[in-house]
Amino acid sequence: MILVTSPPACGKTYIAKQLAKNLKHVVYLDKDTLIPLSNRVFIAAGQEINRSSKFFEENIRDYEYEAIVDIGVEALEYDDIVLINAPFTKEVHNEAVLERFRTKLAQKQAKLVVIWVITDPQVCHERMIHRGSIRDTWKLSHWNEYIKTVDFSIPEPLKRLDAGHDLILFHNSSDEEFNQSMQEILPRLEQD
C-alpha cells in the first residue's frame, strides 16, 4: 500500500494520479472523494462547512481516514497495489497509529510505502489560490493563522529506518523537481 501524503496543496493529487497512471495493477483512492458525504454531515448538524473547525476534528476527520484505509485494505484482495492520496496529517506523526496500520497490512501480506511530498509553503499558497476549492476558503481567508498550524517537515516516525515501512521523498516545488522525482521513484515502486 502506497500513501501519498503531505500538507495540503503540495501536489499530492497530481502526483498520486501520475503515479497511478504509470504503475501496473494499481487501485487509486482519494480521500477527497468522501468530501460530499462529509459536507452533508456538516449540513445535517447545522454547522458551517469548515474542514478546519473543532466540529470537523471531533465528528468527521478520523472517520474519513478510517473509511479510506479500510477501503484500501479491502482493495488489496483484488489488486497488487493500492495507492491512497490523503494528507494523513496526524497519522504520520503518531507511531502507534502507523503501527496499527502496518499490522492491518501485514495481515494481508502487504507492506507500507509512504511518499512524502516536499513543496515550498509559498508554492502551496499559490496552488491553493489557483485550484479555487471550497475546502480552502477558510484556509485562504485566514492564511497567516492557518500556515502556523502546518508542519512541512518530514514527520519523525517516518524517518525511522526500522519502522517497518519505506519512506520515499518526492520533491515538487517546480516542474523540474516533479520530473526528476517521477523518474527516480517510478522504477523504485515497480521493483517493490
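Note: the structure precedes this text.
Let me begin by describing the structure that accompanies this report. Everything numeric in this text was worked out from a predicted model, so none of it was measured.

The next subject is the overall build of the protein. Counting its regular elements, the protein contains 10 helices and five strands. For the protein, the C-alpha atoms occupy an extent of roughly 45 × 35 × 30 Å along the three principal directions. Classification of the 192 residues of the protein by burial places 45% in the buried group. For the protein, contacts bridging at least 24 residues in sequence account for 71% of all contacts bridging at least 6. Total accessible area computed for the protein in this model is approximately 10,500 Å², and 52% of it derives from carbon and sulfur atoms. Each charge class in the protein was averaged separately, 23 positive and 30 negative side chains, and the resulting centres sit 3 Å apart.

Our next topic: helix α10 (residues 175-191). The end-to-end C-alpha separation of α10 is 25 Å, in line with the 24 Å expected for 17 residues at 1.5 Å each. Listing the buried residues of α10 in full gives F178, S181, M182, I185, L186 and L189. Looking at the packing, one finds that the buried side of α10 touches β1 (2-5), α1 (12-22), β4 (112-118) and β5 (165-171).

Estimated volume of the largest pocket: approximately 820 Å³. Taken together, 39 residues line the largest pocket, and the ones lying closest to its centre are P8, P87, T89, K139 and Y146. Contributions of two or more residues to the lining of the largest pocket are made by α1, α3 (54-59), α4 (61-75), α6 (121-131), α7 (137-141) and α8 (143-147). Residue contributions to the lining of the largest pocket peak at three residues, all from α6. Residue composition of the lining of the largest pocket, by class: 15 nonpolar, 10 polar and 14 charged.

Criteria and thresholds
- Residues numbered from 1 in each chain as written.
- Predicted model: local features only at pLDDT ≥ 70, side-chain atom pairs only at ≥ 80, totals over all residues.
- Heavy atoms only, no water.
- Helix = DSSP H or I, 4+ residues; strand = E, 2+ residues; numbered from the N terminus.
- Buried < 20%, exposed > 50% of the residue type's maximum accessible area, 1.4 Å probe, protein only.
- Contact = heavy atoms within 4.5 Å.
- Areas by Shrake-Rupley, 256 points an atom, 1.4 Å probe, with all protein chains shown as cover.
- Lys, Arg positive; Asp, Glu negative; His and termini not counted.
- Charge placed at Lys NZ, Arg CZ, Asp CG, Glu CD.
- Expected span 1.5 Å × (residues − 1).
- 1 Å grid on protein atoms, 1.4 Å probe; cavity = no way out; pocket = protein on both sides within 12 Å on 5 of 7 lines; lining within 4 Å.
- Points joined across faces, edges and corners; volume = space filled by probe spheres on them.
- Nonpolar A, V, L, I, M, F, W, Y, C, P; charged D, E, K, R; others polar.

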